[in-house]
Amino acid sequence: GPLGGLAASAANKRPVPGSRYVPVTGDKSKPPKQKMVLVGAGSAMFTQGIVIDWIKQRPEGDWEIALVDINPIILEATEKMVRRYMEAADRPAKISATVERKDVLDGATIVICTIGVGSRRAWEQDVFVPRQFGINQPVGDSVGPGGVSRSMRMIPPMVAIATDCDRMCPNARFINYGNPMTAVVRALWRKTNVRALGLCMGTEDSLLALARLAGVPPKSLSARWAGLNHLTWILECRSEGRDLWPVIRARLAERRARGIDRTSWASPFGDEKHPEILTFPFTWELFEGYGAFPAPMDRHVTEFFLERFPRGQYYGSTLGVDAY
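Just so we're clear, the structure is a prediction, and the values are computed from it rather than from any experiment.

### Some thoughts on helix α7 (residues 245-257)
Phase 1 of the analysis: Look at α7: 18 Å from first C-alpha to last across 13 residues, which is about the 18 Å you get at 1.5 Å a residue.
Phase 2 of the analysis: All buried positions along α7 are accounted for by W245, V247, I248, L252 and R255. Projected onto a plane normal to the axis of α7, the buried residues spread over an arc of 155° and lie on a single side.
Phase 3 of the analysis: Structurally, α7 contributes buried residues whose contacts are with α6 (202-214), β10 (231-239), β11 (242-243), α8 (281-290) and β12 (293-295).

Next comes the structure, spelled out in structure tokens:
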């Protein structure tokens, strides 16, 4: 998880991925002092989720959570929200907020970036402009013209943030929580000394959906997957060691026979009786064709295969118009 920490190499003071070491300040006999910096804290959904997860997990130690956003009005609202959440915490963290990241990066042990350069107005253009040329993207945040546009906006400031971190908190775990995930993380590895990690919930959500369809407890799952963010192929899915692909294929055939292949676009998560997973026909075509399940399903996966959807034509709907 993002609160785990990394080991520092004695030779070069760089993190060693995979270990459980957390940088310590002060008395080593006491729980470590932690400082988590959220850059782009005005991304309220991500910040809210991170803070709630932190409160639920509440790792030991003396914690500070520093909120950074270039918009002072949004930052003030976010700070108020986080302070309200801390009122419910048994051991609340110290909260600070600033519009200048260099004020708080010193001593950081975890840096999480949730920035979205250009915000909603720019994201709209990532979809609207390509549509004028017959290229329909439901999201436009990973590949295709929308993904390229967002990459050009995101990569320069992300490199700048990572360069500051390398100088001011070189042993901090650096987590990118923004899109285009693959392009940004690859750029950071190429252009900075920060060994960035990308964080996305898409594959986990897809596994939860598969568990619901198979009728098994999500905690019983184990899986193996490979690929890119937003096109992650789940190669194996097992429940307590049992291969779930035969079960999944049988459940799919059963529901198709009952005529409920596409039930609703309303719910992103579904329920036990009507799993939302059946509303993604392209995902199932790929699964049946290649024997691996593409996460996180049609919303993002379609953008990697735009040639299959000329002018956005998608099973009687139009991508980015009435199918998202």
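### Concerning the confidence of the model for the chain
Phase 1 of the analysis: For the chain, the average pLDDT comes to 85, and 84% of its residues sit at 70 or higher.
Phase 2 of the analysis: A low-confidence stretch, residues 1-26 (pLDDT under 50), is modelled with 56 contacts involving residues beyond four sequence positions or located in other chains.
Phase 3 of the analysis: Here residues 263-275 scores under 50 on pLDDT; set against residues more than four positions off or in separate chains, the count is 15 contacts.

### Focus on the environment of S220
Phase 1 of the analysis: Among the structural elements, S220 can be located in the loop between α6 and β9 (221-228).
Phase 2 of the analysis: Exposure remark for S220: the relative accessible area of 13% places this residue in the buried category.
Phase 3 of the analysis: A sequence separation of 20 residues divides S220 from E240, and the C-alpha atoms of the two residues are 5.5 Å apart.
Phase 4 of the analysis: Excluding its chain neighbours within four sequence positions, the residues that come into contact with S220 are R238, S239 and E240.
Phase 5 of the analysis: In terms of polar contacts, S220 uses its side chain to reach the side chain of S239, at 2.7 Å.

### Comments concerning the pattern of salt bridges
Phase 1 of the analysis: Scanning the entire structure with this criterion turns up nine salt bridges.
Phase 2 of the analysis: Where R101 meets D164, a salt bridge forms, and the shortest distance between an N and an O atom there is 2.9 Å. Of this pair, R101 sits in the loop between β5 (94-98) and β6 (110-113) while D164 sits in helix α4 (residues 144-168), and the two are 63 residues apart along the sequence.
Phase 3 of the analysis: Overall, the relative accessible area of 22% leaves R101 in the partly exposed class.
Phase 4 of the analysis: D126 is paired through a salt bridge with R153; the nearest N and O atoms lie 2.9 Å apart. Here D126, found in helix α3 (residues 119-131), pairs with R153, found in helix α4; they are 27 residues apart in sequence, far enough to count as distant.
Phase 5 of the analysis: Residue R153 is classed as buried on the basis of its relative accessible area of 19%.
Phase 6 of the analysis: One connected set of salt bridges, linked through shared partners, spans R101, D164 and R167.

### Considering unusual backbone geometry
Phase 1 of the analysis: Residue P180 is reached from N179 by a cis peptide bond, and omega for that bond is 0°.
Phase 2 of the analysis: Within the secondary structure layout, P180 lies in the loop between β7 (173-176) and α5 (181-191).
Phase 3 of the analysis: With an omega of 5°, the peptide bond running from A295 to P296 counts as cis.
Phase 4 of the analysis: Along the polypeptide, P296 turns up in the loop between β12 and α9 (298-301).
Phase 5 of the analysis: Its identity is not glycine, yet S119 carries a phi of approximately 55°, on the positive side.
Phase 6 of the analysis: Here S119 shows up in helix α3.
Phase 7 of the analysis: We note that H230 has phi near 75°; this positive angle belongs to a residue other than glycine.
Phase 8 of the analysis: With respect to the element layout, H230 can be found in the loop between β9 and β10.

### Observations regarding the packing of aromatic side chains
Phase 1 of the analysis: Summed over the entire model, instances satisfying the criterion amount to 11 aromatic pairs.
Phase 2 of the analysis: Ring centres of W245 and F287 lie 4.9 Å apart, and the angle between their planes is 65°; on these two criteria the pair is classed as edge-to-face. On the criterion of sequence distance, the pair formed by W245 in helix α7 and F287 in helix α8 is long-range, its members being 42 residues apart.
Phase 3 of the analysis: Residue classification places F287 among the buried residues on the basis of a relative accessible area of 1%.

### A word on the environment of V185
Phase 1 of the analysis: By the secondary structure assignment, V185 is in helix α5.
Phase 2 of the analysis: For the pair V185 and L197, spaced 12 residues apart in the sequence, the C-alpha separation amounts to 6.8 Å.
Phase 3 of the analysis: Once residues within four sequence positions are removed from consideration, V185 is found in contact with N176, A196, L197 and G198.

Definitions and limits used
Residues numbered from 1 in each chain as written. Predicted model: local features only at pLDDT ≥ 70, side-chain atom pairs only at ≥ 80, totals over all residues. Heavy atoms only, no water. Helix = DSSP H or I, 4+ residues; strand = E, 2+ residues; numbered from the N terminus. Expected span 1.5 Å × (residues − 1). Buried < 20%, exposed > 50% of the residue type's maximum accessible area, 1.4 Å probe, protein only. Arc of directions from axis to C-beta. Contact = heavy atoms within 4.5 Å. pLDDT = per-residue confidence, 0-100. Polar contact = N/O pair within 3.5 Å; in protein donor to acceptor, adjacent residues only side chain to side chain. Salt bridge = Lys/Arg side-chain N within 4 Å of Asp/Glu carboxyl O. Phe/Tyr/Trp six-rings, centres within 6.5 Å; stacked < 30°, edge-to-face > 60°.

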